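# Chain and residue survey
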Amino acid sequence: MNIKNVDICVGLAWGDEAKGKITVHLTKENKYDFVCRWAGGNNAGHTIYKDNKKYVTNLIPCGIFYGVKCIIGPDCVVNIDNFFKEIEYLKENGFNTDLIKVSPKAHIITDEHIEEDIAKYKNKLGTTAKGIAPCYRDKYGRTGKRVKDDKKFEGYIWDEELYGNILCEGAQGFWLDINYGNYPYITSSNTLPYSACSLGFPPQLINKIYGAVKIYDTRVGYDPDFPEELLKDDDLKKLGELGEEYGSTTGRQRIVNWLNVDKLIKAINISGTTSLIISKVDIIQKLGIYKIYYKEKLI
């Protein structure tokens, strides 16, 4: 094994923690040989700016914006149409899509998965309706279809091992993890950084874990811990407006709440975060009001 170093960027909240911007910055400042996604599908979204232009991707890792090989790992799920739309979008904007590879072991999201998601989970659990949960169910039920089984991916199959310096970018966040989130109001994959080892490296090679969080909490989708009553709070409503809190994948309005420090501390400790990156401090400064939940009290 010729892997020298692995860094990981993980979300410490409910997604939307600026992981894309952080990953792009790390890619720009460091000499990575690969940038990899380890979980989830096109239910995630990264919004980044390069040369003052805005780009949004849902599945393809952010290394593509700086000419680094991009791997979609074996524990990801892939919507074929969405994948190739992103390929065309990146081509049209001048990026080298030959750098993009997909693990042959990644599973494929079918139209049936999406239809089932819409019918069963979208309204009940507030999912993104991308077919993620049914696809993972079929994977673990050993009835799924893998990328290696579909000829459309010719030229995009990852048939080598990782080497050199690697950056792994997370999708969603710690409190959406299938095990640690508020079940069943969570995603259907493992969002914790150690799940990145599914890409093919041992945990001993992990060097830095960059934990991303905002100075306040947000989430989309139904969750009793984020009741819709929060949308009626004038201060939180103003905070959401200042922070432009709308999902990059769905466009849905995010529910905003004050930072839960208790949950943040737990996420830092369990994830093994070595570097904490807090974003949108300028937004809270514009609001001029700052509150936190600490020891289960709002202060």
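Quantities reported herein were computed from a predicted structural model and do not represent experimental measurements. (Residues numbered from 1 in each chain as written. Predicted model: local features only at pLDDT ≥ 70, side-chain atom pairs only at ≥ 80, totals over all residues. Heavy atoms only, no water.)

### Notes on the pairing of strand E1 (residues 3–11)
Regular strands place side chains that alternate from one sheet face to the opposite one. Counted residue by residue, E1 has eight buried out of nine residues, so it is predominantly covered. By the bridge criterion, six bridges tie E1 to strand E9 (residues 164–169) in an arrangement that is parallel. When the bridges of E9 are listed, isoleucine 3 appears paired with glycine 164. Where E1 lies against strand E10 (residues 206–214), six bridges are found, and the strand directions are parallel. Note that in E10 the partner of isoleucine 8 across the bridge is isoleucine 209. (Buried < 20%, exposed > 50% of the residue type's maximum accessible area, 1.4 Å probe, protein only. Helix = DSSP H or I, 4+ residues; strand = E, 2+ residues; numbered from the N terminus. Pairing = 2+ DSSP bridges.)

### Details of the side chain of threonine 97
Checked against the element boundaries, threonine 97 lands in the loop between helix H2 (80–92) and strand E7 (100–102). Non-local contacts of threonine 97, meaning those with residues more than four positions away in its chain, are made with Ile64, Ile87, Leu90, Lys91 and Tyr156. (Contact = heavy atoms within 4.5 Å.)

### Regarding the sheet that holds strand E15 (residues 297–298)
In spatial order, the strands read E11-E12-E14-E15; together these four strands make up an open sheet with mixed pairing. Only two strands of the sheet have a single neighbouring strand rather than two, namely strand E11 (216–219) and E15. Pairing of strand E14 (residues 292–294) with E15 involves two bridges; the strand directions are antiparallel. Counterpart to tyrosine 293 in the pairing with E15 is leucine 298. Most of the contacts of helix H6 (residues 234–242) go to strand E12 (residues 255–260), to which it runs at about 100°, and overall it touches E11 and E12. (Axes fitted to C-alpha atoms, helices over the stretch in contact; angles between N-to-C directions.)

### Section: the nonpolar core
Leu162, Ile166, Cys168, Leu199, Phe201 and Leu239 are the most contacted members of the largest nonpolar core, which totals 44 residues. Counting residues per element, the ones that place at least two in this core are E1, strand E2 (34–37), E9, E10, H6, E12, helix H7 (261–271) and helix H8 (281–287). Judged by nonpolar contacts, the second largest core, of 25 residues, contains Val24, Ile87, Leu99 and Ile100. (Core = buried A, V, L, I, M, F, W, Y, C linked by side-chain atoms within 4.5 Å.)

### Regarding the pairing of strand E5 (residues 69–72)
The sheet contact formed by E2 and E5 spans four bridges and is parallel. Residue pairing for E5: phenylalanine 34 is matched across the bridge by lysine 69. Here E5 runs beside E7; their pairing, made up of three bridges, is parallel. Bridge pairing in E7 places isoleucine 71 opposite lysine 101.

### Quick look at the sheet that holds strand E13 (residues 275–279)
On the basis of which strands lie adjacent, the open sheet formed by seven strands has the order E7-E5-E2-E9-E1-E10-E13 and parallel pairing. This sheet does not close on itself; its edge strands, each paired only once, are E7 and E13. Here the average twist between neighbouring strands, direction ignored, is 20°. Contacting E1, E2, E9, E10 and E13, helix H1 (residues 19–29) crosses the sheet at an angle of about 155° to E1.

### A few points about the packing of helix H3 (residues 111–120) against helix H5 (residues 132–140)
Contact geometry of H3 with H5 gives a least axis separation of 7 Å together with a crossing angle of 125°. Here H5 runs oblique to H3, going by the angle between their axes. In this structure, H3 contributes His113, Glu116 and Asp117 to the contact, and H5 contributes Ile132, Pro134, Cys135, Arg137 and Asp138. (Parallel < 35°, antiparallel > 145°, perpendicular 65-115°, else oblique.)

Keep in mind these values describe shape, not function.
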